[in-house]
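# Residue-level structure breakdown
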There are 2 protein chains.
Amino acid sequence: MTKRRPQTLARLLDAALEAFAANGFGGTRIEDVCERAGYTRGAFYSNFASKEELFFALFDRHAARVLERFEKQAAALGPGAVTLADLAAGLAEFDDDERTWYLVTTEFTLSAIRDPQAARRLAEHDARLRGEAMRLLAERLARAGLRLRPGVELEPLVRMLIAIREGALAQSYVEPEALPPGTLERQFLPALLGAVTEVAAEPVAEPEHG
Amino acid sequence: MTKRRPQTLARLLDAALEAFAANGFGGTRIEDVCERAGYTRGAFYSNFASKEELFFALFDRHAARVLERFEKQAAALGPGAVTLADLAAGLAEFDDDERTWYLVTTEFTLSAIRDPQAARRLAEHDARLRGEAMRLLAERLARAGLRLRPGVELEPLVRMLIAIREGALAQSYVEPEALPPGTLERQFLPALLGAVTEVAAEPVAEPEHG
DNA sequence: GTTATCGGATACATTCACGTATCGGATACG
DNA sequence: CGTATCCGATACGTGAATGTATCCGATAAC
């Protein structure tokens, strides 16, 4: 019987997201999650075997959502002319619940560094996400009339962009007033992207002074 | 009486570093720390009031050490000619216990995002560290015969470099074989630094195609 | 509409980590 | 060398979170 089941499961996961974001994995009791979801611990143990399993399930759902959202954004691309500043601006945008997700995924990353099983899970998701990002970036670059310079690979570049997003976000969330989210991206990504690309039509070798 | 005191305190902090890195803050019992240090819980409660206080103390000692190490590195700068690749290579180096520290500081960062008190502490430390990094970077750029382009500030640039280090490190620790630490730095920092600087002697405006 | 099964609530036992209060040994001081 | 004080060990009580076992209501099948 499954009319209630998916709903309670979803509400438990929603509650887990809130609770983990608020107090972290270790700081969250199973009963916290149940209270937020409006259930008792009975409902929890009927759906999950342990808090770890809940954490994994939460990550899976979250990963699916992120991917889904990203694909939609990619599909809904404006057809206008694209500049490097536009590209950077796109990478400087952050959703409202990005913070909640950041807290949970970062903690999951930590657990992945310690636990190979979690690491595989995370790596798999990241690979899919990078794949999407690579396609999107390639398309936007092409639309901007640019191409990667010889020796610059798409995947490492996407890894770099993700690293920047994550690293900058950490600083922004610790000091929101000193560094609003997106500041560093807008400030430096045009230069970085400009340095690793060249005009597709007339590939001019820019002078390097390093 | 203080012959033993500092030693036990140091051993407790060492043990805490190990334990927190291995199992995280929430996953570490006070007794874990004491066992690793070779004491009982009596020693702990004689030195700390709670696990949180231990965590804070650990962070303070760690912050001091990082700063100290960084200053020494800065002082021990080789006098040789400096290129952008050298600069990038310096930012691509990672100590062996960097991983341990990464795990602990990242968790502290998470707690700082949630707790204003921890945030202040972290922000203060980061500011000091950035100050050092700014001086060091300025010196090395000068030595390389470069200067920042108009509109590029030193502090945001250092923030950016730190963001890159942290973000790249996260990926490297999750997939050490796919992305050895330092890879992204070596690959992209020369381009980035080249794009935000210009030759000090003959300030030439490089063509931008974005 | 009746029945069987499923899902969540309730109640209980257990384990475990915590904090405190006290004791014994070691260290500095006279 | 004796003594007072400090520090870490030991022992205990307590609260809390966990997991399980059972019960009851709801839902689907017939």
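Residues numbered from 1 in each chain as written. Chains lettered and ligands numbered in written order. Predicted model: local features only at pLDDT ≥ 70, side-chain atom pairs only at ≥ 80, totals over all residues.

## Here we look at the overall build of chain A
What counts, and what does not: Working definition: helices are DSSP H or I runs of at least four residues, strands are E runs of at least two. Numbering for both runs from the N terminus. Each residue gets a C-beta atom placed from its backbone, and two residues are in contact if those atoms lie within 7 Å.
Helices and strands together make up the secondary structure of chain A, namely 9 helices and 2 strands. Its helices and strands taken in sequence order, chain A reads α-α-α-α-α-α-α-β-α-α-β from the N to the C terminus. Long-range pairs, those at least 24 residues apart, make up 67% of the contacts in chain A with a sequence separation of at least 6.

## Examining the protein's contact with DNA strand D
To be explicit about the condition: For each residue, a C-beta position is placed from the backbone atoms; the residue is near a molecule or strand when that point lies within 6 Å of it. For this scheme, ten residues count as nonpolar: Ala, Val, Leu, Ile, Met, Phe, Trp, Tyr, Cys and Pro. Four count as charged, namely Asp, Glu, Lys and Arg, and the remainder, Gly too, count as polar.
Near DNA strand D you find 23 residues, and of these Lys3 and Ile30 of chain A together with Thr8, Gly42 and Ala43 of chain B are the closest. Within the residue set of the surface near DNA strand D, elements represented by two or more residues are helix H2 (30-37) and helix H3 (41-47) of chain A together with helix H1 (5-23) and helix H3 (41-47) of chain B. With 5 residues, H3 of chain B is the single largest residue contributor to the surface near DNA strand D. Grouping the amino acids of the surface near DNA strand D by side-chain chemistry returns 6 nonpolar, 8 polar and 9 charged.

## Topic: the relation of the copies chain B and chain A
Put simply, the rule reads: Least squares is the method used to superpose the copies, on C-alpha atoms of residues holding a pLDDT of at least 70 in both.
Superposing chain B onto chain A requires a rotation of 180 degrees together with a translation of 0.0 Å along the rotation axis, leaving an RMSD of 0.1 Å. The superposition operator between the copies reduces to a two-fold rotation axis.

## What about the interface of chain B and chain A?
Between chain B and chain A, the contact holds 48 residues from the first and 48 residues from the second. Counting residues per element, the ones that place at least two in the side of chain B that touches chain A are helix H5 (84-91), helix H6 (98-114), helix H7 (116-143), helix H8 (154-174) and helix H9 (183-196) of chain B. Looking at which element gives the most residues to the side of chain B that touches chain A, the answer is H8 of chain B, with 13 residues. By residue class, the composition of the side of chain B that touches chain A is 30 nonpolar, 12 polar and 6 charged.

## Focus: helix H6 (residues 98-114) of chain A
Applied cut-off: Each helix should span, by expectation, one fewer than its residue count multiplied by 1.5 Å. Three exposure classes are used. Buried residues have 20 or more other C-beta atoms within 10 Å of their own C-beta, exposed residues have 12 or fewer, and partly exposed residues fall in between, all C-beta atoms being placed from the backbone.
The terminal C-alpha atoms of H6 of chain A lie 24 Å apart, and with 17 residues this matches the ideal 24 Å at 1.5 Å per residue to within 8%. All of the buried residues in H6 of chain A are Tyr102, Leu103, Val104, Glu107, Phe108, Leu110, Ser111, Ala112 and Ile113 of chain A. Check the buried side of H6 of chain A and you find it contacts helix H1 (5-23), helix H4 (51-75), helix H7 (116-143) and helix H8 (154-174) of chain A together with H6 and H8 of chain B.

## Here's the deal with the environment of arginine 65 of chain A
Counting through the fold element by element, arginine 65 of chain A comes out in helix H4. A count of 11 C-beta atoms within 10 Å places arginine 65 of chain A in the exposed class.

## Topic: the nonpolar core
Selection criterion: Joined through C-beta atoms within 7 Å, a set of buried Ala, Val, Leu, Ile, Met, Phe, Trp, Tyr and Cys residues constitutes a nonpolar core.
Membership of the largest hydrophobic core comes to 114 residues, with the highest contact counts inside it found for Ala16 and Leu192 of chain A together with Ala16 and Leu192 of chain B. When sequence neighbours within four positions are dropped, the list of residues in contact with leucine 192 of chain A reads Phe188, Ala191, Leu192 and Ala195 of chain B.

## A word on helix H4 (residues 51-75) of chain B
All names here are of chain B. Taking 1.5 Å per residue, 25 residues should reach 36 Å; H4 reaches 36 Å between its end C-alpha atoms and fits that length. Looking only at H4, the buried set comprises Leu54, Phe55, Leu58 and Phe59. The secondary structure elements touched by the buried residues of H4 are H1, H6 and H7.

## Notes on the environment of leucine 189 of chain B
Here leucine 189 of chain B is to be found in helix H9. Beyond its immediate chain neighbours, meaning those up to four positions away, leucine 189 of chain B contacts Ala88 and Leu91 of chain B.

## Quick notes on the packing of helix H9 (residues 183-196) of chain A against H8 of chain B
Short version of the rule: Orientation is described by axes fitted as lines to C-alpha atoms, over the contacting stretch for helices, and by angles from 0 to 180 degrees between their N-to-C directions. Should an angle lie under 35 degrees it is considered roughly parallel, over 145 roughly antiparallel, and from 65 to 115 roughly perpendicular; all remaining angles are considered oblique.
At a closest axis distance of 10 Å, the pairing of H9 of chain A and H8 of chain B adopts a crossing angle of 95 degrees. With respect to their mutual orientation, H9 of chain A and H8 of chain B come out roughly perpendicular. Here Leu184, Gln187 and Phe188 of chain A of H9 of chain A lie close against H8 of chain B, whose contacting residues are Pro156, Arg159, Met160 and Ala163 of chain B. Residue classes in the contact of H9 of chain A with H8 of chain B are distributed as 5 nonpolar, 1 polar and 1 charged.

## Re the packing of H7 of chain B against H8 of chain B
All names here are of chain B. Contact geometry of H7 with H8 gives a least axis separation of 10 Å together with a crossing angle of 105 degrees. Comparing the axis directions of H7 and H8 gives the class roughly perpendicular. Contacts between H7 and H8 involve Arg130, Ala133, Met134, Leu137 and Ala138 from the first element and Leu154, Glu155, Val158 and Arg159 from the second. Here the residues of the contact of H7 with H8 sort into 6 nonpolar, no polar and 3 charged.

## Some words on the confidence of the model for chain A
As a general rule, the predicted coordinates of low-pLDDT regions are not to be interpreted in detail. Note the following rule: Values of pLDDT, ranging from 0 to 100, describe the predictor's confidence in every residue of the model.
Here chain A shows a mean pLDDT of 93. Residues at 70 or above account for 95%. Scored below 50 in pLDDT, residues 203-207 of chain A makes 6 contacts in the model with residues more than four places away or belonging to other chains.

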